[in-house]
Amino acid sequence: MKAFSLEGHAALVTGSSQGIGAAIAQGLEDCGAAVVRHGLQDMPGSVAYVPCNLSVISAPAQLIDSAFALQPALDTLICNAGSFFDTPFLEMTATEWEKTISLNLRATFFLAQAFAKKRLTLGGGGSIVIVSSTNGFQAEADSVAYDTSKGGLVMMIRSLAVSLAPHGIRVNGIAPGLIRTPLTGTWMESRADDLLKHYEKKILLGKVGQPSDCAGAVAFLCSPAASYITGEIITIDGGLTTSQIGKL
Amino acid sequence: MSTPFSLQNRDIWVIGGAGYLGQEVVNLLTELGASVLCVDLSGKAQNGPQVTAVDLDAADIPALENFVTAQIAARGVPHGLVVMTYASTAKKFDDLTAADFDYANHGNLTATFTLARAIGNVMAERGSGSLVLFSSMYGTVSPDPSIYEAPMNPNPVEYGVGKAGIQQLTRYLAVHFGKSGVRCNAISPGPFPNPNIQRDQPAFIERLSQKVPLGRVGQSPEIAGAVAFLVSDASTFITGQNLAVDGGWTVW
């Protein structure tokens, strides 16, 4: 299993108190990595966990500092924290737009920058995985801010990969499709129509994904088995976007 | 340590498994616990622990069909099929005849389609399986003629045309077989020049490396992880994808 082993590696996973982030953190630990977790809420009693609101401008750099304080040889960053704040397009306010962009895009950029600065003081090297979405390249109605932020992450992954390659830092992404999480579960249950049925019909593998479906791809991208992979985005959607999703 | 990358009790068929990249794929799959049917042109594949060698010219369609029937009878339906074969003429652009072009398309596309459909159908009857087809960065972007100095020929047109076709074949098969639980994905290697070229053409290797964000060409073991990932339980919700293993070649 050497090729996929993460023994001796240490990772920060943002947004890992629940959902996809929690599964990614568990997957990295299962492959041998030490993991620092992050979430918005305080979690009294938890170790190697740093709470903060990444929408605050200074928070990303502070989170990186805290993570390196816990794991001085931290070499892996998983930018998973993100959310969905869209309202119907014609009702969207600047404040709601900013909520999406500040968390999904700005925080991710400055996490990567602060991480890279630390890695350079340690001689470079390392791996970043950013969680985008199939909404980063296939659009959904009344999801303009979210789709824009995830599309921005698609290009951020590619652009960071080129910028950080000379320092030996690989940057890759995953693009989950419809995965059942606390975030999407609430949304799916709030819809009285046949939305879920439509999706299950469109997902080739016939089912909505589980958070654990995202863990293997992230562990692979962080491992020695992916040493020649950078700027790549692995879509994890059961085939949802292999043909058109179409009208819901 | 339990990880989803284990291939214990899996049977994986690797077509082109004795080639420069194929050997590394076979090595990693067996290291992860798989039994491997290593298939290549006459006399190239070798038996080994967990490895059974078979001779086959995949472009010979009747032989290919006999091979599928015989091996399913002997080994059962495989868990994974990896197709790494390709055809190319190495001719210059203006010297390529229509027959040459047909020959390459037959080897690259017709043979891959025939094999993947036959194995995909029996996997679908069982309700599970993973097909991994090999495309290339030259199925995504065109070669850059300026990096080839005479007497080298630029990477030939028929090669990239076939590799681009593999990307669409992958999506089509993913959709066709998806509801039956059979996944289909592609891998697009970047520059993995063989050891002879790496040794004899240092200036060419330098020009290639300059085109890669990671600043170097790939080494053969670096292709194997992507194959192992795509045939393993770590990728059970991934289908229809094309995974670039190219050091970032297609990113900029």
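Preceding this paragraph is the structure being described.
So, here is what we can say about the structure in this document. Given the structure is predicted, the values throughout are model-derived calculations rather than measurements.

**Concerning the packing of aromatic side chains**
Alright, step 1. By the definition in use, this model includes 11 aromatic pairs over all chains.
Alright, step 2. Seen from their ring centres, Y148 of chain B and F204 of chain B are 5.5 Å apart, and the 40 degrees between their planes marks the pair as tilted. Taken together, the residues span a long stretch of sequence, with Y148 of chain B in the loop between β5 (129–134) and α4 (157–178) and F204 of chain B in helix α6 (residues 202–210) at a distance of 56 residues. As far as burial versus exposure is concerned, Y148 of chain B and F204 of chain B are alike and both buried.
Alright, step 3. One aromatic cluster is present, formed by F4 and F220 of chain A together with F5 and F229 of chain B through successive ring pairs.

**Regarding the interface of chain B and chain A**
Alright, step 1. Chain B puts 44 residues into the contact, and the matching count from chain A is 45 residues.
Alright, step 2. Between chain B and chain A we count 15 residue pairs in polar contact (both at pLDDT 80 or more) in total.
Alright, step 3. Among the secondary structure elements, those contributing two or more residues to the side of chain B that touches chain A are α1 (20–31), α4, α7 (221–231) and β7 (242–245) of chain B.
Alright, step 4. No other element matches the 5 residues that α7 of chain B contributes to the side of chain B that touches chain A.
Alright, step 5. A breakdown of the residues in the side of chain B that touches chain A according to their chemical character gives 23 nonpolar, 14 polar and 7 charged.

**A word on the layout of surface pockets**
Alright, step 1. Within this model, the largest pocket holds a volume of roughly 1500 Å³.
Alright, step 2. When contributions to the lining of the largest pocket are tallied by element, the ones reaching two or more residues are α1, β2 (35–40), α3 (98–126), α4 and α6 of chain B.
Alright, step 3. Of the residues that constitute the lining of the largest pocket, the class distribution is 29 nonpolar, 12 polar and 5 charged.
Alright, step 4. Of the voids in this model, the second largest pocket is the one considered here, and its volume is about 1300 Å³.
Alright, step 5. If you trace the second largest pocket, you find 49 residues lining it, with G82, S83, F84, Y146 and L183 of chain A closest to the centre.

**So, α6 of chain B**
Side chains three or four residues apart in an α-helix point the same way, a direct result of the helix having 3.6 residues per turn.
All names here are of chain B.
Alright, step 1. Of all the positions in α6, only F204, I205, L208 and S209 are classed as buried. Projected onto a plane normal to the axis of α6, the buried residues spread over an arc of 140 degrees and lie on a single side.
Alright, step 2. For α6, the elements touching its buried residues are α5 (195–200).

**With respect to the packing of helix α1 (residues 19–30) of chain A against helix α7 (residues 215–222) of chain A**
Residue and element names in this part refer to chain A.
Alright, step 1. The N-to-C vectors of α1 and α7 enclose an angle of 50 degrees; their axes lie 8 Å apart at closest approach. Taken as axis vectors, α1 and α7 run oblique relative to one another. By crossing handedness, the relation of α1 to α7 is classed as right-handed. Contacts between α1 and α7 involve A23, I24, G27 and L28 on the former and, on the latter, A215, V218, A219 and C222.
Alright, step 2. Looking at the contact of α1 with α7 residue by residue, the classes come out as 7 nonpolar, 1 polar and no charged.

**With respect to the sheet that holds strand β7 (residues 233–236) of chain A**
All names here are of chain A.
Alright, step 1. A sheet is described by the order of its strands in space; here 7 strands give the open sequence β3-β2-β1-β4-β5-β6-β7, paired in parallel fashion. Edge strands, defined here as strands with exactly one partner in the open sheet, are β3 (49–51) and β7. For this sheet the average axis-to-axis angle between neighbouring strands, irrespective of direction, equals 15 degrees.
Alright, step 2. Sheet analysis places strand β1 (residues 10–13) next to strand β2 (residues 34–39), joined by 4 bridges and oriented parallel. The residue of β2 that forms the bridge with L12 is V36.
Alright, step 3. Across the sheet, helix α3 (residues 94–121) is in contact with β4 (76–79), β5 (126–131) and β6 (169–176); its angle to β4 comes to roughly 175 degrees.
Alright, step 4. With respect to the sheet, helix α4 (residues 144–164) is in contact with β5, β6 and β7, its orientation differing from that of β6 by roughly 160 degrees.

**With respect to the environment of G125 of chain A**
Alright, step 1. Structurally, G125 of chain A can be placed in the loop between α3 and β5.
Alright, step 2. Sequence-distant contacts of G125 of chain A, defined by excluding residues within four places in its chain, comprise R119, H167, G168 and I169 of chain A.

Criteria and thresholds
- Residues numbered from 1 in each chain as written.
- Chains lettered and ligands numbered in written order.
- Predicted model: local features only at pLDDT ≥ 70, side-chain atom pairs only at ≥ 80, totals over all residues.
- Heavy atoms only, no water.
- Phe/Tyr/Trp six-rings, centres within 6.5 Å; stacked < 30°, edge-to-face > 60°.
- Helix = DSSP H or I, 4+ residues; strand = E, 2+ residues; numbered from the N terminus.
- Buried < 20%, exposed > 50% of the residue type's maximum accessible area, 1.4 Å probe, protein only.
- Contact = heavy atoms within 4.5 Å.
- Polar contact = N/O pair within 3.5 Å; in protein donor to acceptor, adjacent residues only side chain to side chain.
- Nonpolar A, V, L, I, M, F, W, Y, C, P; charged D, E, K, R; others polar.
- 1 Å grid on protein atoms, 1.4 Å probe; cavity = no way out; pocket = protein on both sides within 12 Å on 5 of 7 lines; lining within 4 Å.
- Points joined across faces, edges and corners; volume = space filled by probe spheres on them.
- Arc of directions from axis to C-beta.
- Axes fitted to C-alpha atoms, helices over the stretch in contact; angles between N-to-C directions.
- Parallel < 35°, antiparallel > 145°, perpendicular 65-115°, else oblique.
- Left-handed = near helix turned anticlockwise from the far one by under 90°.
- Pairing = 2+ DSSP bridges.

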